[in-house]
Amino acid sequence: PNAAYLNYQHCESRIWLLDNSSRMNVRDSHLGRPGQQVPGSIQRIDDILRWEELEECVRFHTQMASQCWIPSTYRMVNDPSSYKTEWLQGREYTLCRGNIRDVLSEVEEIHSVMENVHLDQSRCPLKYCIRALAKEIKASAQAIAARDRNVTVIICTQGRPTTKDGDVGSKMMRDFEDELQL
């Protein structure tokens with residue numbers, strides 16, 4: 001069997017952690033689109049928001065996951081409703097975790113959330129999100145391993161973690177790096 005098939009067989013689920021902070025509102029990304037002049041070519045589009053590039057990536061992967069039945073979870077770093085209050089992690093959106101008849105509506109919901117997100121929070125408390133995620137995975141790790149399966153975590157971020165209050169600094173970066181070692 002090929003590597004893609006083996007990966008599919010052993011993948012229990014994919015968990016995406018999506019940075020929806022204001023730093024994703026920067027135009028330094030790129031997209032590829034089918035070329036108009038040469039058949040089969042790809043045209044590079046520059047000056048794209050980081051979020052638009054991530055949205056395109058998530059759109060592709062949700063389509064693939066829905067076709068291959070790869071259970072996936074998408075989580076925002078920030079809950080959009082907590083902008084003026086204490087930080088809350090964004091809710092999760094699931095795909096291929098229930099009935100096959102729900103897949104189309106699950107894909108549509110994830111795409112709608114991605115299209116309508118507000119990138120207005122300066123907070124990007126990745127450390128806290130990763131800690132919560134690690135705790136969840138550890139709780140089911142034995143059962144997943146017993147099935148000879150794994151969980152893939154995809155962290156999509158602009159790379160500058162903050163505290164829950166939006167503060168930055170070298171200590172915060174060290175704390176974040178320490179959290180990744182768990």
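What counts, and at which threshold
- Residues numbered from 1 in each chain as written.
- Predicted model: local features only at pLDDT ≥ 70, side-chain atom pairs only at ≥ 80, totals over all residues.
- Heavy atoms only, no water.
- Helix = DSSP H or I, 4+ residues; strand = E, 2+ residues; numbered from the N terminus.
- Rg over C-alpha atoms; globule rule 2.2 N^0.38 Å.
- Buried < 20%, exposed > 50% of the residue type's maximum accessible area, 1.4 Å probe, protein only.
- Contact = heavy atoms within 4.5 Å.
- Phe/Tyr/Trp six-rings, centres within 6.5 Å; stacked < 30°, edge-to-face > 60°.
- Polar contact = N/O pair within 3.5 Å; in protein donor to acceptor, adjacent residues only side chain to side chain.
- Arc of directions from axis to C-beta.
- Disulfide = S-S within 2.5 Å.
- pLDDT = per-residue confidence, 0-100.

J.: Give a description of the overall build of the protein that names residues and reports values.
T.: Helix and strand content of the protein: five helices and six strands. The globule rule puts the C-alpha radius of gyration for 182 residues at 16 Å, and the 18 Å found for the protein is close to it. Across its three principal axes, the protein shows a C-alpha extent of roughly 50 × 45 × 30 Å. Residues counted as buried form 37% of the 182 residues belonging to the protein. Counting only contacts in the protein whose residues sit at least 6 apart along the sequence, the fraction spanning at least 24 positions is 67%.

J.: Mind laying out the packing of aromatic side chains, listing which residues take part and the relevant values?
T.: Considering all chains together, one arrives at one aromatic pair under this definition. Their ring planes at 25° and their centres at 5.6 Å tell us that Trp 16 and Tyr 74 sit as a pair that is stacked. Of this pair, Trp 16 sits in strand β1 (residues 11–18) while Tyr 74 is found in strand β4 (residues 72–76), placing the two residues 58 residues apart along the sequence. When sorted by exposure, Trp 16 lands in the same class as Tyr 74, which is buried.

J.: I'd like a rundown of the side chain of His 111, residues and numbers included.
T.: Structurally, the position occupied by His 111 is in helix α3 (residues 103–116). A polar atom in the side chain of His 111 sits 2.6 Å from the side chain of Thr 62. In this structure His 111 touches Arg 59, Thr 62 and Gln 63, once residues within four positions along its chain are discounted.

J.: Any details on helix α5 (residues 170–180)? Residues and values, ideally.
T.: Met 172, Asp 175, Phe 176 and Glu 179 are the residues of α5 that are buried. The arc that holds every buried residue of α5, seen down its axis, measures 100°, which confines them to one face. What points out from α5, more than 90 degrees from its buried face, is the exposed set Ser 170 and Asp 178. The inward-facing, buried residues of α5 abut α4 (126–146).

J.: So what about the environment of Leu 180? Which residues, and what values?
T.: Looking at the element boundaries, Leu 180 is found in helix α5. For Leu 180, a relative accessible area of 42% corresponds to the partly exposed category.

J.: Describe the state of the cysteines, listing the residues and the values that go with them.
T.: Scanning the model with the defined rule gives zero disulfides in all. No disulfide involves Cys 156; its nearest neighbouring cysteine sulfur is the one of Cys 57, lying 5.8 Å away. Cys 156 sits in the buried class, given a relative accessible area of 13%.

J.: Give a description of the confidence of the model for the protein that names residues and reports values.
T.: Across the protein, the average pLDDT comes to 87, with 95% of residues at 70 or higher. Looking across the protein, the model is least confident in α5, with a mean pLDDT of 77, and most confident in α3, with 95.

J.: Just give me the short version of unusual backbone geometry, but keep the residues and values in it.
T.: Glycine aside, negative phi is the norm for most residues, and most peptide bonds take the trans geometry. Not every positive phi belongs to a glycine, and Asp 47 is a case in point at roughly 65°. Tracing the sequence through the fold places Asp 47 in strand β3 (residues 42–49). Although it is not a glycine, Cys 96 sits at a positive phi angle of roughly 60°. Inspection of the secondary structure assignment puts Cys 96 in the loop between β5 (92–95) and α3.

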